[in-house]
Each structure stands twice: as C-alpha cells, then as structure tokens.
Amino acid sequence: MLKNAIVLAVVVTILLSIVILSAQYGDDIQLLFNSWLEGKPKALVKLHIHIPSGYGNCSVIVHRFPTKYNPTADGYTTLIHRGKSPSGRTVTVKDVINMYQVGTVESEEGKRYLYDSPEYYVGVICVNKNDVYSFSKIVQTIITKPITDVDIHAELKKRSRAGDRQSGSNFAMLASSEPVSCSITIDETSGEPIYGQDYWAKGYCVASTKLAYLNSIPGLKTAFGITGLDSAMYLEGWAAACYTTDIEHCPTSFWDSAGKKLVIFVTTEKTDYISNGERAVVWGSVYYQYEYYAWYDSDFYTYFIYEIIYPKDIGGLHSLQIIGSYTPPSPPPPYARGPFKGDVDIYFPADTLTDIKLPVSTSISVSIGPVSFTISVSPYKAESPQYDPPYVSVIEISGRNYGWYYWWYKDDDPLNYEIEFYG
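Residues numbered from 1 in each chain as written. Predicted model: local features only at pLDDT ≥ 70, side-chain atom pairs only at ≥ 80, totals over all residues. Heavy atoms only, no water.

A. Seen up close, the environment of Trp-36. On the secondary structure map, Trp-36 appears in helix α2 (residues 27-37). Separated by 63 residues in sequence, Trp-36 and Met-99 have C-alpha atoms that sit 9.7 Å apart. The residues touching Trp-36, leaving out its near neighbours within four places in the chain, are Pro-41, Lys-42 and Met-99. (Helix = DSSP H or I, 4+ residues; strand = E, 2+ residues; numbered from the N terminus. Contact = heavy atoms within 4.5 Å.)

Here is the structure:
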C-alpha cells in the first residue's frame, strides 16, 4: 500500500512538473522530449536580447560559433537569427543544440552535469533619425539543463553618421609596440557582389599573439605548457556593424572589442625553459577568422553590414621573448605555498568566467583588401569548465635535497596565468 502511494506521488510530481514547464515553454518541451525519445537528446538555448528604448528601429543578428559537438558546415559561425525590432523591446532568439555531456560543474545546487556549451555573436544596430547606434558581443553559455535562458543587455554606443567613412581613432591608443601583421585571406564568398542582393565573405589570418608572462629564479627553470585539444584560453574578439548604401566595409571607427572568445589549443607542447631569474613573454600562433555580411533591406534600400574578427585556435607556441629579470618579493606573501623541492607542473584551476583582461596585449595590424586598421588583443581572466587550463612546468636544478622554494599564483589568483617564486 505504501509502495503504491509513493509511486503515485512520484507520478503526480512528474506530471505537475510537465504541466508547469509546458505552461512556461510551450512547444519547446515537446521538441526536447521527442529528441530524448529518439536517443538524440537536444537542448534549447534562449537568448533574451534586451534593447533599451529611445533608439529608433533596430536590426538584430545572432550567430553561433562551432564547437566539437555542435559543429557548423564550414567551420565558421552559423546564422541563428536575423530580424528587425523597434527599440525598447526584448528579442528572444531560440537555438536547438546537441546535448552532449562533457564534464561536471559546481553550481548553487551542487555538482551538475556540464554539456557542450557554445558561444554566440550578438549584433544590434539601431537608427534614430540621423543617429546610428550599435552593439556587438560574444556571449558565453554554461549548459547544465535542457533549457538555458541567457539575458543580454544591448549597451548601444553612438556612432558617426552611417555614411561617414572617416578613419577611426579607437585604435590610436592601442599601438604601444610595433603591430603584428594580420592580412586576411578571403577563402569563401557568396559570389559576385550585386546591388540589391545579400552578400557574405569569409577568411582568415595567422598572427603571433601574447598569451602570458613566465618567471624564474636561480635554482629553477620554468616553461609554459599546453595539453592539446583538451586545453584552452580566452582571447579578445572584435566586431563592427553599420548601415551603408552599398556593399562596402564599415568605417574603421565602428570597430570595437566584442569581448572574450574561447580559443582551443591544437597542439601539445612546452616552450623552451628559462632560468636564473629571467622573465619572458609567452607567444602563441593564433588562427583568426574573419566574417563579413551585407544584408539588403528592401524597405529602406540600404545594407546592414556587420564584420567580425575572432581567434579560433592556437596552433603552437613560439620561442620565448626575454624581457628582463624577475625580482621575487621578500618575504613571500602569506598565501605562498611551500617550501618545496623537486619538479612540479602547476596548473591554473578556476572554472570562472570574467570580463577582466590580463595586463598583456598584442597590437595587430589587420588588412582586408584596401582597408586596414589596428586592434589590440588581450587574454582574459577566464577559464572554461569544459577545457583544461595551460600549466607551468618547473624543473629544479639547484641540487638541494630539502624544501627551499615557494611558489604562488600572482595576486593569489589562478586566472592571472602567472606563477611567482621565492627561494
């Protein structure tokens, strides 16, 4: 009798949950339920794009970046949404993805399964009389359940008039050193540009990019290491959006940082070792992708243009750039670990996403046909729970047979990707 009552209570609870979810999500529940019955479980990502009022009429674009378990046809982004909306509205964009478990993650409810979590590019551009406003953002997701809601607040930035082709001043402050070259090679287009029709082009470049700092002290030699496709970092992406009367590039003044982008390491390797108190910059060979889209608006006889440049993967590590000497603090901070002896590999565990850039940046001179400008790319204090972080390899060469050296994360924060030493 008690057993039947328990079973009945469970059934009633499940039915109530279905009723509540159905009322909230409607047909989405049925779609996901059917995918699970077919043995190919899907998840639903709902992006709620909040557009502030008073900015006229807006165009909204959403693309999804490819992942291992949610790939795209050509390795570039795939279009999820393209539409118009008056300002002052919330545009909800739905995307159904493959639900593939990749690990676990800690949450307020405790440990939960983590599923493949794609990133999205969200672009909004609004016109209010003669004023143009735009917003571009690379958005991260953490998928731990069948339906994930993500809120994006479009922080619109005023631009010059849509037809103004002036050069931008956004980048003048960024070129603190000689820029690295990134000449975009276009490898895919939709065909010949024809007025009144949509057009797109896609390409790439490879550019050396600074990743982190590396320190050493006498008696220790150190190297920066990566573990191939299981490891990743976040680097900066850039984007521009504008209205034009023809198929052309946005003014360079329209380019802005679009925030952090997950970048996968595709090799397993370590840099050369440094020692004897040397300090160095770690450089990586970063593969950047470029995408250009021109959507024709027949209502206003104009083009909605948006362009994005983003890091996709890191193909390897370069020789270290020695930049001087590392001077350890004395005494070491209270959070220093040790004393130690012998060799160790030190990882940077955090599983935390922030929008804070690390104090290291690379000036990159981008050229796309006749257009050129300079952007600044920084790593972020962020780590994906789906991937392993890089590490620092420490080899003791002192010959001592007792614990003598200390190490700690710079400012006691693993997300700085920098190890300090004392000994």
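B. Structural detail: the pattern of salt bridges. Tallied over the full model, the rule gives 14 salt bridges. With its nearest N and O atoms 3.6 Å apart, the salt bridge here joins Asp-131 to Lys-158. Taken together, the residues span a long stretch of sequence, with Asp-131 in strand β8 (residues 131-139) and Lys-158 in strand β10 (residues 157-159) at a distance of 27 residues. Residue Asp-256 is joined to Lys-157 by a salt bridge in which the shortest nitrogen-to-oxygen separation is 3.4 Å. Placement of Asp-256 in strand β16 (residues 256-265) and of Lys-157 in strand β10 is noted, with a sequence separation of 99 residues between them. Residue class for Asp-256 comes out buried when judged on its relative accessible area of 17%. Connected via shared salt-bridge partners are Lys-84, Asp-297 and Asp-299. (Salt bridge = Lys/Arg side-chain N within 4 Å of Asp/Glu carboxyl O. Buried < 20%, exposed > 50% of the residue type's maximum accessible area, 1.4 Å probe, protein only.)

C. Main features of the sheet that holds strand β24 (residues 362-368). Strand order in the open sheet formed by 3 strands is β11-β24-β25, with mixed pairing between adjacent strands. Each edge of the sheet is formed by a strand with only one pairing partner; in this case those strands are β11 (180-183) and β25 (371-377). Going from strand to strand, the sheet's axes swing by 25 degrees on average, the running direction of each strand aside. Bridge count for β11 against β24 is 4 bridges, and the pairing is parallel. The residue of β24 that forms the bridge with Cys-182 is Val-366. (Pairing = 2+ DSSP bridges. Axes fitted to C-alpha atoms, helices over the stretch in contact; angles between N-to-C directions.)

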